[in-house]
Each structure stands twice: as structure tokens, then as C-alpha cells.
Amino acid sequence: MKIFVYPGSFDPATKGHIDIIERATNICDKLIVAILVNNNKKPTFSVEEREKQLKEALKGNSKVEVTSFSGLLVDFMKEINATIVIRGLRAVSDFEVEFQLALLNKNQNPDIETLFMITSPEYLYLSSSMIKEIAMYNGNIDSYVPKCIKEALEKKYVK
Ligand code: PNS
């Protein structure tokens, strides 16, 4: 059984993340969306909120499981018996960080393979932080995030 792990902050998930998840499920048997619990960062949405949002946005996809993890990704992957990480690439600037992350993970555990999926062109310019800024100033985010996340952002930034 081919299990992919798609780790990330997802604060919040964008349509770019959802697109990667949906395309990745075409080539795996099971995809675990793993939300990082990062105690060094103050997220906009709690892990519970992000987990709920992702479950709602992905509820039609039976291959997807949404969960969270803390600590090293390699340790989490060992725990669940997975060896394949999937990450999206939007631009050359992403590549540098992703290359480093993939090599560090491989160095920690040589069994781990990272697969990169190129973001669909319509989502190339999306980032969670930019979307939050637009939402904060009441801009239109309809085409950037799933409906449930748009509603959560509107609620968060209600004046
Ligand atoms: O959505 P993001 O913030 O780009 O995701 C980054 C993430 C969660 C994939 C990465 O920070 C991660 O795997 N963190 C867990 C800690 C870890 O294993 N770090 C390894 C490199 S030192």
C-alpha cells in the first residue's frame, strides 16, 4: 500500500494545497495530511481548527486522512510506517527550502523519499499569509480558499 504524507502548516489551507492533495490521491492508496504543531509559532488558527477545516474541505475524498504531529517529520513517519513525503512547488524560490528539507529528512532516515508536485498554474501565486492579509482587509478571497475556510477567515477577521 502506497501511503503518502503531506506535511505542512496549513494556516489555513489554500486551494493550492487542496489541488496538490487531490492530484496526489490519484497516485497513492492513502494520503495523510499532517498538520505540524509548531510551538515556536503563533498560528492564526489552532491545530484543532485547521484539522476541522481540512476535514470539511476534503470530506468527499475517501483516500485522505487528516491528522497532526509534533516533533520531527521523520519520527512521525516512522510511527505510522510511511516513507513518502509529498510537497508542492510553486516557484524556484520554494525549491531552495524544499531541497534542504528533503535532504535533511533523507539524511535522518534514508528510507524517506520526497516527491515534488508542481502547483497548478492557477494557484502558483497563492500563499496562506497573503490570503490572510487580503481577508484582514475584506478583500475577495473566493478563488483562493475552499468555502469553509473563507467563512473561518471572515469570522476571524470580523471587525
Ligand atoms: O507548510 P510549511 O510551513 O511549509 O511546512 C513545513 C513543514 C511542516 C513540512 C516542515 O517544517 C516540517 O516538516 N517540520 C517538522 C520538523 C522537522 O522534521 N524538520 C525537519 C527539517 S530540520
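In this text, all values refer to a predicted model and were calculated from it rather than measured experimentally. (Residues numbered from 1 in each chain as written. Predicted model: local features only at pLDDT ≥ 70, side-chain atom pairs only at ≥ 80, totals over all residues. Heavy atoms only, no water.)

Caption draft 1: Region of interest: the pairing of strand 2 (residues 30–36). Taken across its seven residues, strand 2 has five buried, putting it largely inside the fold. With six bridges joining them, strand 1 (residues 3–8) and strand 2 adopt parallel strand pairing. What sits directly across from Gly8, in strand 2, is Ile35. Running through helix 1 (residues 15–24), the crossover from strand 1 to the neighbouring parallel element strand 2 is right-handed. The handedness of the strand 2 to strand 3 (residues 64–69) crossover, carried by helix 2 (residues 47–57), is right-handed. (Buried < 20%, exposed > 50% of the residue type's maximum accessible area, 1.4 Å probe, protein only. Helix = DSSP H or I, 4+ residues; strand = E, 2+ residues; numbered from the N terminus. Pairing = 2+ DSSP bridges. Right-handed = clockwise from strand over helix to strand, strands pointing away.)

Caption draft 2: Representation of helix 6 (residues 147–156) within the structure. Taken as a whole, helix 6 has its buried residues at Cys148, Ile149, Ala152 and Leu153. For helix 6, the angular spread of the buried residues around the axis is 135°, confining them to a single face. Those residues of helix 6 that are exposed and angled more than 90 degrees off the buried face are Lys147 and Lys155. Looking at the buried side of helix 6, the elements it contacts are helix 2 and helix 5 (128–136). (Arc of directions from axis to C-beta. Contact = heavy atoms within 4.5 Å.)

Caption draft 3: Looking closely at the site of the ligand. The ligand sits among Pro7, Gly8, Ser9, Leu36, Phe69, Gly71, Leu72, Leu73, Arg87, Leu101, Leu104 and Asn105. Separating an oxygen atom of the ligand from a side-chain N or O atom of Ser9 is a distance of 2.6 Å. Between Leu73 and the ligand, the recorded distance is 2.8 Å, taken from a backbone N or O atom to an oxygen atom. Protein chains shield 68% of the accessible area of the ligand, which is 560 Å² for the free molecule. At the level of secondary structure, the elements contributing two or more residues to the shell around the ligand comprise strand 1 and helix 4 (92–108). (Near = heavy atom within 4 Å. Polar contact = N/O pair within 3.5 Å; in protein donor to acceptor, adjacent residues only side chain to side chain. Areas by Shrake-Rupley, 256 points an atom, 1.4 Å probe, with all protein chains shown as cover.)

Caption draft 4: Structural context of unusual backbone geometry. Put simply, Asp11 and Pro12 share a cis peptide bond, and its omega is 0°. For Pro12, the position within the fold is in the loop between strand 1 and helix 1. Residue Phe10 is not a glycine yet carries a positive backbone phi of 50°. Turning to its location among the elements, Phe10 is positioned in the loop between strand 1 and helix 1. Residue Phe10 is classed as buried on the basis of its relative accessible area, which comes to 3%. If you check the backbone angles, Asn81 has positive phi at about 65° while not being a glycine. Mapped onto the fold, Asn81 is located in the loop between helix 3 (73–79) and strand 4 (84–89).

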